[in-house]
Structure formats: structure tokens, C-alpha cells
Amino acid sequence: MEAKKKEKKIESASYDCVIVGAGPGGLQAAIYLCRYGRDVLVLDRGGGRTRHAKRIENFLTHSIISGRELIEKGLAQAARFGARVERKTVSSIGVKNYPAEEAPEEAPKIPTQEGPFFLTETAGGGLYRSRTVIVSSGARDVLPRIENLAKYFALSFFTCVDCDGYRTRGKKTAILGNSEGTLRLALAIKRMYTKDLTVVLDDYAPPPGYVDEMNQEGIEVLFDSPASLLGEDELRWLELKSGRRILCEAVLSNYGYRLNDAFLEGLKDRLKRDSTGLKYQTNRHFESSLPGLYIVGPLAGSDQAIIAAGEGAMAAMDINKKLIEMYSD
Ligand SMILES: Cc1cc2nc3c(=O)[nH]c(=O)nc-3n(C[C@H](O)[C@H](O)[C@H](O)COP(=O)(O)OP(=O)(O)OC[C@H]3O[C@@H](n4cnc5c(N)ncnc54)[C@H](O)[C@@H]3O)c2cc1C
């Protein structure tokens, strides 16, 4: 029997802005937009990088806050100003022109003249119409397959020098990775935090001379793969695939991260990338090459909570300004 196709229904409500992702970027944008009196829908699938941060120490006014608490507080603050937040996974974003006869009656904030609007689709068939979109869906770390990772993650196993490099101060530290960047990171960590360093290069051969240079700096370089993190409560050893054990109190993993952007696939011809080819190009207000679609956080810029929040605020201010201009013509 032919399976019945689930009908996609556009929600009758139209939003000034649909925000993808309730991390610091998306929530800060929601707070600004709601305080301008805009109708905002935040779609978030749950999880996210910030929630994994157990100890954020570099966010102004919070001497120490967990990522989870930061998000919970942000959600409550956004809700207080009227943001609607739904637990949904965005599967695609499309952009359409507005045929006058289809303009929704109950959408006084959306101009009825021809003009693009966005249709954001969620897994399960929800379709949400909006004048603008902010993509703040973040990134996810590429992690090595390593036993006991969950036990030590964000406590003594770190992935970001700006976030947690400080926590390697004076500690026996292993740096894991598979690129020239891993060696550069080791040199930077030596300058800033600890001289007691071992680099484990996993499936990567550096250009000639590099290892000698590292050894001259007193940094040991091993060609091996990480296998297991060992210790009672505190991390004590990193065990490698070869069976060798390295005494260490902290691990900094440098395998990079991937953007959460699969849902932008349909817009790939309209969204320009920056010179690295990895991130999206935006203007200084974080508007992408597709007018009305803004991209904040690691997809376009830096991977720090306070910066993502600032970018969200800037995007929201620009969106509000544009919506005011649209009404006045
Ligand atoms: C272990 C760890 C420690 C860190 N420590 C610090 C620190 O000390 N200081 C600091 O400044 N930064 C820290 N960071 C980095 C910080 O978490 C990021 O900079 C921040 O997450 C970026 O915010 P964001 O809003 O762009 O993305 P995120 O916080 O990642 O939020 C993105 C949200 O979008 C959602 N999402 C993704 N795809 C979809 C989809 N298709 N549909 C719906 N929702 C979707 C995700 O579930 C998530 O909730 C740390 C990160 C990690 C992993």
C-alpha cells in the first residue's frame, strides 16, 4: 500500500524573524528583537556546544558559569520578553517571493507588497514563514575515538584554546591532532601556559624540520593515536594505541569542528563563503550574501559564547532597522 505523504502546512502565523538555534547567538538576538516588539520564533533541536561547557570563566559578569546555566537563564530572559521557543530540528530554509494573493491576512507586520520571505521547514513537516532569518546553529567538535572521553570531557579534556587553554596552566598536558595547526598550538600553549607538553600526531606527517624545531623547544612529538583516558577521579594518563602511556593532567584536542549547516544546502548557490571556503561570508551586521538571512556564531565568525551573543545583538539591531525602513515606504 502506498504510504500516505504527510502534508506540509505553512503555519498561519508569520514572524519578523525565525532564529535557528538557542545558543548565546540566537538567544541574544531574540532578546533584542523581542524588546523592539518583533515577533520572534526560535527553533532549537536541543543539545549544542554551549551546553557541553562545564565551566565558562571568560563571560563578562559571570566569574564561573556552566554553559547549561547560561542557556537556561538566556531562555528564561528571552521568554520574559515574549520569544516563542520550540524544540524542533530545522531541515531546510527556502526563500520565496510573495505572490500578493498569498499574503497572510493575519500578518500585519509583514508588508504585503512583493518581496522575499523565508520558509523554514522542520523535521516532521512544520513550515514557518518569516521576513528574516538568523542562523545561529553553531558547530560540533570533531573528536577522536577515545575510551572514557565522556568522563573527562570539559573537565580535563578540552577542545578550544580560547575557552580552556587557561586551565592547562602548569599542568602536564598532551596535545592531540592531525595537522600543522596542532604543532602551532603546542608552541602557543608553551608560550602561555605550560612547558610540560607532549604532542601526539595522529595520521599526519609534518613538513621536514618541524619535529626538530619542536624538540628544540623541549616539546616531545609522538606519532601515534590516542586510545584511552585513565585515572580515578582526576585524569592521570593518556594511553596510546601502541600501548604507551603518557602521564598527563590535561588534554587539548585539536581535530577542528564541523558547522551545523546541513539545512542550508538548498541555498548554497546564494550563500557566499569567506576566503577560507569554510565559513559563510557576511557583512559587518552579519547579513549573508542572501539579503534578510543573517549568520552568527562559528558559522561566520569566532567560536566564543560572548562573541556569538554580540553578533546576535548586531544582527537583531540591523534587522529591526530594516523592518522600520520597510514600513515607512
Ligand atoms: C566544552 C566546551 C567549552 C567551551 N567553553 C567556552 C568558554 O569557556 N567560553 C566561551 O566563550 N565559549 C566556550 N565554548 C564555545 C561556545 O560554546 C560557542 O562559542 C558557542 O556555543 C557559540 O554559540 P552559538 O549560539 O553560535 O552556538 P551553540 O551554543 O552551539 O548553539 C547552537 C544551537 O543550535 C542548535 N541547532 C543546531 N542545528 C540545528 C538545527 N538543524 N535545527 C535546530 N537547532 C539546531 C543546537 O542544538 C544548539 O542548541 C565552549 C564550547 C565547548 C564545546
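Fair warning: this is a prediction, and the values are worked out from it, not measured in the lab. Throughout, residues of each chain are indexed from 1 in the direction in which the sequence is written. Local features in this predicted model are restricted to residues whose pLDDT is 70 or higher, and side-chain atom pairs enter the listing and the counts only when it is 80 or higher, whereas totals over whole chains, interfaces and linings include all residues. With hydrogens and water excluded, all non-hydrogen atoms of the structure serve as input to the side-chain values.

**Q** What am I meant to see in helix 6 (residues 180-192) here?
**A** Since there are 3.6 residues in each turn of an α-helix, residues three or four apart along the chain are aligned in direction. Taking 1.5 Å of rise per residue, 13 residues should cover 18 Å, and helix 6 covers 19 Å from first to last C-alpha, within 8% of that figure. Residue contacts follow a heavy-atom distance rule, with two residues in contact if any of their heavy atoms lie within 4.5 Å. Secondary structure elements follow DSSP: runs of H or I of four or more residues count as helices, runs of E of two or more count as strands, with numbering from the N terminus. In this structure, the buried residues of helix 6 make contact with helix 5 (161-164), strand 9 (173-177), strand 10 (197-201), helix 7 (210-216), strand 11 (220-223) and strand 15 (250-254). Each polar contact in these results corresponds to two N or O atoms within 3.5 Å; when the atoms are within protein, one needs to be able to donate a hydrogen and the other to accept it, and residues that are neighboring in sequence are counted only if both atoms are side-chain atoms. Looking at where helix 6 begins, the residue whose side-chain oxygen comes 3.2 Å from the main-chain nitrogen of Gly-181 is Ser-179. Each helix should span, by expectation, one fewer than its residue count multiplied by 1.5 Å.

**Q** Could you clarify how one ought to interpret the nonpolar core in this entry?
**A** General note: in soluble globular proteins, nonpolar side chains tend to be found buried as a group. Residue types Ala, Val, Leu, Ile, Met, Phe, Trp, Tyr and Cys, when buried and joined through side-chain atoms within 4.5 Å, form a set referred to as a nonpolar core. Relative accessibility under 20% of the residue-type maximum defines a buried residue, over 50% an exposed one, and the middle range a partly exposed one, all with a 1.4 Å probe and only protein chains included. Of all hydrophobic cores here, the largest spans 23 residues; its most connected members are Ile-93, Val-133, Val-135, Leu-264 and Leu-293. Of all the secondary structure elements, the ones that give two or more residues to this core are strand 1 (9-20), strand 2 (40-44), strand 4 (90-97), strand 6 (126-135) and strand 17 (293-295). The contacts of Leu-264, once residues within four sequence positions are left out, are Ile-93, Val-135, Leu-271 and Tyr-280. Within the second largest apolar cluster, 22 residues are counted, among which are Ala-29, Ala-30, Ile-134 and Leu-323.

**Q** Any chance you could explain a negative patch on the surface here in plain terms?
**A** Candidate patch residues must exceed 30% relative accessible area and have no salt bridge, after which like charges are joined if within 9 Å and Val, Leu, Ile, Met, Phe, Trp or Tyr side chains if within 5 Å. Exposure was quantified through the Shrake-Rupley algorithm and a 1.4 Å probe, taking into account, for residues, occlusion by the shown protein chains and nothing else. Each salt bridge in this description consists of a side-chain nitrogen of Lys or Arg and a carboxyl oxygen of Asp or Glu lying within 4 Å of one another. Two residue types count as positive, namely Lys and Arg, and two as negative, namely Asp and Glu; His and chain ends fall outside the count. By convention, the charge on Lys lies at NZ, on Arg at CZ, on Asp at CG and on Glu at CD. A cluster of acidic residues, Glu-232, Asp-233, Glu-234 and Glu-249, forms a negative patch on the protein surface. With respect to the element layout, Glu-234 can be found in the loop between strand 12 (226-230) and strand 13 (237-240). Under the relative-accessibility criterion, Glu-234 is labelled exposed at 63%.

**Q** Is there a simple way to explain the side chain of Ser-130 in this structure?
**A** For Ser-130, the location among the structural elements is in strand 6. Overall, Ser-130 belongs to the buried group, its relative accessible area being 0%.

**Q** What is the right way to read the site of the ligand from this model?
**A** Neighbouring the ligand are 38 residues; Asp-44, Gly-46, Thr-50, Val-90 and Ala-305 lie closest to it. The separation between an oxygen atom of the ligand and a polar side-chain atom of Thr-50 is 2.5 Å. A total of 1,000 Å² of accessible area belongs to the ligand in isolation, and the protein chains cover 98% of it. In terms of domain composition, the shell around the ligand takes at least three residues from each of domain 1 (9-139 + 257-327) and domain 2 (143-254). Residues are classed as near a molecule or strand on a simple rule: at least one heavy atom within 4 Å of it. Boundaries of every domain are those given by an automatic assignment or by a domain database.

Coordinates in, geometry out; function isn't part of it.
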